[in-house]
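Spelled out from the first residue to the last, the chains are:
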Amino acid sequence: MPSVTLAFSPPLRRLLAPACRGALVLALGLSLGACGDAEPPAPGRLDAARQSPADPDLARIYDSSCKLCHANPASGAPLAGDAKAWAPRLAQGADTLLDHSINGYQGMPPMGQCMQCSEEQFLALISFMSGHSFQ
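Below or above, wherever it landed, is the structure these notes cover.

The rules we used
Residues numbered from 1 in each chain as written. Predicted model: local features only at pLDDT ≥ 70, side-chain atom pairs only at ≥ 80, totals over all residues. Heavy atoms only, no water. Helix = DSSP H or I, 4+ residues; strand = E, 2+ residues; numbered from the N terminus. Buried < 20%, exposed > 50% of the residue type's maximum accessible area, 1.4 Å probe, protein only. Areas by Shrake-Rupley, 256 points an atom, 1.4 Å probe, with all protein chains shown as cover. Salt bridge = Lys/Arg side-chain N within 4 Å of Asp/Glu carboxyl O. Phe/Tyr/Trp six-rings, centres within 6.5 Å; stacked < 30°, edge-to-face > 60°. Expected span 1.5 Å × (residues − 1). Contact = heavy atoms within 4.5 Å. Disulfide = S-S within 2.5 Å.

## What about the overall build of the chain?
So, point 1. Assigned secondary structure in the chain consists of six helices and zero strands.
So, point 2. Element order for the chain, N to C, with α for helix and β for strand: α-α-α-α-α-α.
So, point 3. Across the 135 residues that make up the chain, the buried fraction comes to 23%.
So, point 4. By element, 62% of the accessible surface of the chain is carried by carbon and sulfur atoms, the whole surface being about 9400 Å².

Structural data, given as structure tokens:
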């Protein structure tokens, strides 16, 4: 496809340059003006996406399997750090939570997509996400 280049004389270019810069600044300002209209993410949602276990091995497991759902509000999974969402699950007890992690439950896939995880690792990950210690 052929391109078209407009050629202006040097005096005309000097005249047009400030107008072009002004138009560019105005267009940029108008396009960025809409950015403030978006609703900021809820604090809990933002925190869930930034959280990670302190233990490096658990952090790698969390990042590669749990985080996909437990840091994504659209997944329906309880978000990491959301005590209110975890409360009814914790009330079921560690055995039930462990069973759901290993065998799957509703939308949760079996083994939480972590086929190499041990029961201890599952409990540690649940503890991290729920903020509840099982000791």
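## Observations regarding the pattern of salt bridges
So, point 1. Tallied over the full model, the rule gives two salt bridges.
So, point 2. Here Arg-60 ties to Asp-57 by a salt bridge, and the two come within 2.3 Å at their closest N and O atoms. Of the two residues, Arg-60 and Asp-57 both sit in helix H3 (residues 56-70), three residues apart, roughly one turn of that helix.
So, point 3. Given the relative accessible area of 46%, Asp-57 is considered partly exposed.
So, point 4. Of the charged contacts, one joins Lys-67 and Asp-63 as a salt bridge, the two residues approaching to 3.9 Å between their closest N and O atoms. Placement of both Lys-67 and Asp-63 in helix H3 is noted, with a separation of four residues, approximately one turn of the helix.
So, point 5. A relative accessible area of 27% means that Lys-67 is categorised as partly exposed.
So, point 6. Its relative accessible area of 43% is what places Asp-63 among the partly exposed residues.

## Remarks on the packing of aromatic side chains
So, point 1. Summed over the entire model, instances satisfying the criterion amount to one aromatic pair.
So, point 2. Between Tyr-62 and Phe-128, the ring centres sit 5.1 Å apart and the planes meet at 80°, which makes this aromatic pair edge-to-face. Here the residue Tyr-62 occupies a position in helix H3, and Phe-128 occupies one in helix H6 (residues 119-130), the gap between them amounting to 66 residues.
So, point 3. Residue class for Tyr-62 comes out buried when judged on its relative accessible area of 0%.

## Notes on H6
So, point 1. Here H6 is twelve residues long and its end C-alpha atoms lie 16 Å apart, about the 16 Å a rise of 1.5 Å per residue gives.
So, point 2. All of the buried residues along H6 are Phe-122, Leu-125, Ile-126, Ser-127, Phe-128, Met-129 and Ser-130.
So, point 3. Here the buried face of H6 lies against H3, helix H4 (83-90) and helix H5 (94-103).
So, point 4. Looking one or two places after H6, you find Gly-131, whose phi comes out positive at around 75°.

## Observations concerning the state of the cysteines
So, point 1. Tallied over the full model, the rule gives one disulfide.
So, point 2. What pairs with Cys-114 in a disulfide is Cys-117, and their sulfur atoms sit 1.9 Å apart. In this structure, the disulfide formed by Cys-114 and Cys-117 twists by about 75° around the S-S bond and is classed as right-handed. Comparing Cys-114 with Cys-117 shows no difference in burial state: the two are buried.
So, point 3. Here Cys-66 is not disulfide-linked; the sulfur of Cys-117 is the nearest cysteine sulfur, at 6.7 Å.
So, point 4. Taking the relative accessible area as the measure of exposure, Cys-66 reaches 11% and is therefore buried.
So, point 5. Not engaged in a disulfide, the cysteine Cys-69 finds its nearest cysteine sulfur in Cys-66; these two sulfurs lie 9.0 Å apart.

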